[in-house]
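Chains, contacts and geometry: an overview
Chain by chain, the residues run as shown.
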Amino acid sequence: MRARIPLLLVLALGVLSGCANSNLRGTGDLGVVIERATGSVQVLDTTHRTSLARVDGLGDLSHASISYSRDARYAYVFGRDGGLTKVDLLTQRIDRRIIQGGNSIGGAISADGKLVAVANYEPGGVKVFDADTLALVADIPAIGSDGTRSKVVGLVDAPGQRFVFSLFEAGEIWVADMRDPKRPALRKFTGVGREPYDGMITSDGRHYAAGLFGEDGVALLDLWNLDAGVRRALVEFGRHGEKLPVYKMPHLEGWAATGSQIVLPAVGKHEVIIADQNSWKEVARIPVAGQVVFAVARPGGREVWLNFAFPNNDTVQVVDLPSRRIVQTLTPGKGVLHLEFSPRGEQVWLSLRDENRVEIYDPDSFARIGTLPVESPSGIFFTVRAHRTGL
Amino acid sequence: MRILTTAGMMIGIAFSSAFADTPPLHPQRQSELIHLVRQDCGSCHGMELRGGLGPALTPQTLKDKPASSLVSTILHGRPGTPMPPWKNFLSESEADWIVDNLQKGFPDAR
């Protein structure tokens with residue numbers, strides 16, 4: 001007995017030191033950048049402002065996006081070619097990979113982290129997978145009230161183990177309650193407006209808004225009160241004069257919700273719209289350098305950073321919300337596709353597709369504080385997203 | 001031998017463009033157009049041009065469509081749809097070149 005205790009101690013110490021030797025670490029300062037042309041991703045570290053590894057073999061990643069497991073260890077990469085790849089940020093390897101559809105646009109993870117849903121253009125619908133095994137759990141064909149299959153856009157998770165998404169051709173918003181995962185309970189809202197092209201959910205999980213390409217305004221659903229149905233908001237947004245051509249559709253996931261205000265890219269206007277998040281009424285509009293693609297709030301919500309569609313995709317602008325003025329215009333390089341803040345907003349990372357690099361800026365001084373070689377970078381996704389509804 | 005082959009290819013290119021009704025595009029401009037189609041058209045039609053929010057632009061989907069209407073779609077857009085006009089960025093001969101190559105199978109960027 002006396003001999004066993006020291007032996008156990010020695011064993012325990014051995015195990016501990018073994019762990020230390022295997023570089024035990026967290027993932028809270030990690031992230032992933034998509035290399036859209038080569039079907040690869042790089043694992044990023046925002047503490048050391050470096051890339052830890054490249055992971056290859058993810059298929060067609062043009063327009064890829066990512067959701068994170070709730071432990072922020074795994075990145076679910078949704079590829080354009082219908083690929084769903086689960087990448088382990090710690091081992092920096094592919095954990096699992098399936099081809100689940102023909103042409104997909106994005107995905108979401110359920111509130112409990114057990115289900116991963118993918119929005120498909122072809123065949124139009126949503127497929128839901130077990131987050132551990134990527135086994136198919138449920139298939140929801142997006143057959144609208146017109147009887148035909150629609151492309152699915154704007155898929156997000158919502159509180160109450162729900163997914164919410166929009167049907168592009170049919171003009172519908174569906175809410176899928178996944179509490180019984182094999183039997184999704186669908187609530188369908190029809191006639192919400194023409195051509196919803198993307199959707200977002202506010203960070204409190206209350207409102208789902210679908211941007212409409214085919215008419216003015218947004219289709220707005222209060223998830224606290226589904227019986228009230230979908231209503232139209234911000235109808236004035238998009239009016240006032242002739243619409244300009246849109247060379248890249250704005251993304252609504254990046255709609256910057258900054259507490260009481262929400263900042264939206266106007267469609268066909270070189271403006272951002274500032275709206276009150278409670279009334280969903282416009283409070284201001286600000287002229288900017290082009291068609292906004294992403295409007296991303298810096299954590300804290302004082303500033304919103306903007307990037308732009310072709311041909312202004314070499315430019316980034318910064319809006320100061322209290323003064324409602326553009327306080328900085330940067331031209332970091334050609335093909336600024338995306339931007340992402342570190343969790344507390346002391347760094348912002350920009351992907352410069354045509355320059356084959358990612359640049360890191362100090363958002364206070366606007367000084368460049370780092371640059372990394374990345375092949376044709378697009379989306380940058382930090383693990384802070386693991387703990388945010390709708391991301 | 002290599003010089004002869006290259007010369008032969010150049011004559012081939014010269015002949016093919018002599019038969020087309022438009023002047024040949026500079027190789028630099030061709031690679032810019034490949035980049036534009038794959039990256040910027042690709043944001044709606046997919047980098048592999050197999051479709052996205054916009055339709056697929058593969059040889060199969062385009063083979064029965066008259067080239068002139070495709071050129072017109074590129075230059076003037078399609079009102080009532082998200083397809084914008086590209087006439088401020090492309091000449092008619094450049095749009096011809098794009099349609100010709102889309103119908104043949106579009107070249108890769110690399």
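Residues numbered from 1 in each chain as written. Chains lettered and ligands numbered in written order. Predicted model: local features only at pLDDT ≥ 70, side-chain atom pairs only at ≥ 80, totals over all residues. Heavy atoms only, no water.

Contacts between the two partners involve 29 residues from chain A, matched on the other side by 22 residues from chain B. The contact between chain A and chain B buries some 2000 Å² in all, and 56% of this surface belongs to carbon and sulfur atoms. In this assembly, chain A and chain B are joined by 1 salt bridge. Between A:Arg353 and B:Asp40 there is a salt bridge, with its nearest N and O atoms 3.6 Å apart. Here chain A and chain B share 4 residue pairs in polar contact (both at pLDDT 80 or more) between them. Considering only residue class, the side of chain A that touches chain B consists of 12 nonpolar, 6 polar and 11 charged. (Contact = heavy atoms within 4.5 Å. Buried area = accessible area lost by both parts, 1.4 Å probe. Salt bridge = Lys/Arg side-chain N within 4 Å of Asp/Glu carboxyl O. Polar contact = N/O pair within 3.5 Å; in protein donor to acceptor, adjacent residues only side chain to side chain. Nonpolar A, V, L, I, M, F, W, Y, C, P; charged D, E, K, R; others polar.)

Residue and element names in this part refer to chain A. Per-residue pLDDT for chain A averages 90, and the proportion of residues at 70 or more is 91%. Every residue in residues 7–11 scores below 50 in pLDDT, and together they form 0 contacts with partners more than four places removed in sequence or on other chains. Confidence over residues 13–20 falls short of pLDDT 50; this stretch has 1 contact with residues more than four positions distant or in other chains. (pLDDT = per-residue confidence, 0-100.)

What follows covers the sheet that holds strand β32 (residues 377–382) of chain A. Within a beta sheet, neighbouring strands are joined by backbone hydrogen bonds and run either parallel or antiparallel to one another. All names here are of chain A. Within the open sheet, the 4 strands sit side by side as β3-β2-β1-β32. Their pairing is antiparallel. Pairing within the sheet leaves two strands with one partner each, and these edge strands are β3 (50–55) and β32. The mean inter-strand angle of the sheet, taken between neighbouring strand axes irrespective of direction, is 25 degrees. Judged from the 4 bridges that link them, strand β1 (residues 30–35) and β32 form a sheet pairing that is antiparallel. When the bridges of β32 are listed, Glu35 appears paired with Pro377. (Pairing = 2+ DSSP bridges. Helix = DSSP H or I, 4+ residues; strand = E, 2+ residues; numbered from the N terminus. Axes fitted to C-alpha atoms, helices over the stretch in contact; angles between N-to-C directions.)

This paragraph deals with the side chain of A:Arg80. Along the chain, the position of A:Arg80 falls in the loop between β5 (74–78) and β6 (83–88). For A:Arg80, the side chain forms a polar contact with the side chain of A:Asn103, separated by 3.1 Å.

Scanning the entire structure with this criterion turns up 12 aromatic pairs over all chains. Ring geometry for A:Tyr247 and B:Trp86: centres 4.5 Å apart, planes at 70 degrees, overall edge-to-face. Of this pair, A:Tyr247 sits in the loop between β19 (230–233) and β20 (256–257) while B:Trp86 sits in the loop between α4 (67–76) and α5 (92–104), on two different chains. Each member of the pair, A:Tyr247 together with B:Trp86, is buried. Among the aromatic residues, ring-to-ring pairing joins A:Tyr247, A:Phe310, B:Trp86 and B:Phe89 into one connected group. Looking at A:Lys86, its charged tip hangs above the ring of A:Tyr74, at a distance of 4.5 Å from the centre. Here the basic side chain of A:Lys188 rests over the ring of A:Trp174, its NZ or CZ set 4.3 Å away from the ring centre. (Phe/Tyr/Trp six-rings, centres within 6.5 Å; stacked < 30°, edge-to-face > 60°. Buried < 20%, exposed > 50% of the residue type's maximum accessible area, 1.4 Å probe, protein only. Lys NZ or Arg CZ within 6 Å of the ring centre and 35° of its normal.)

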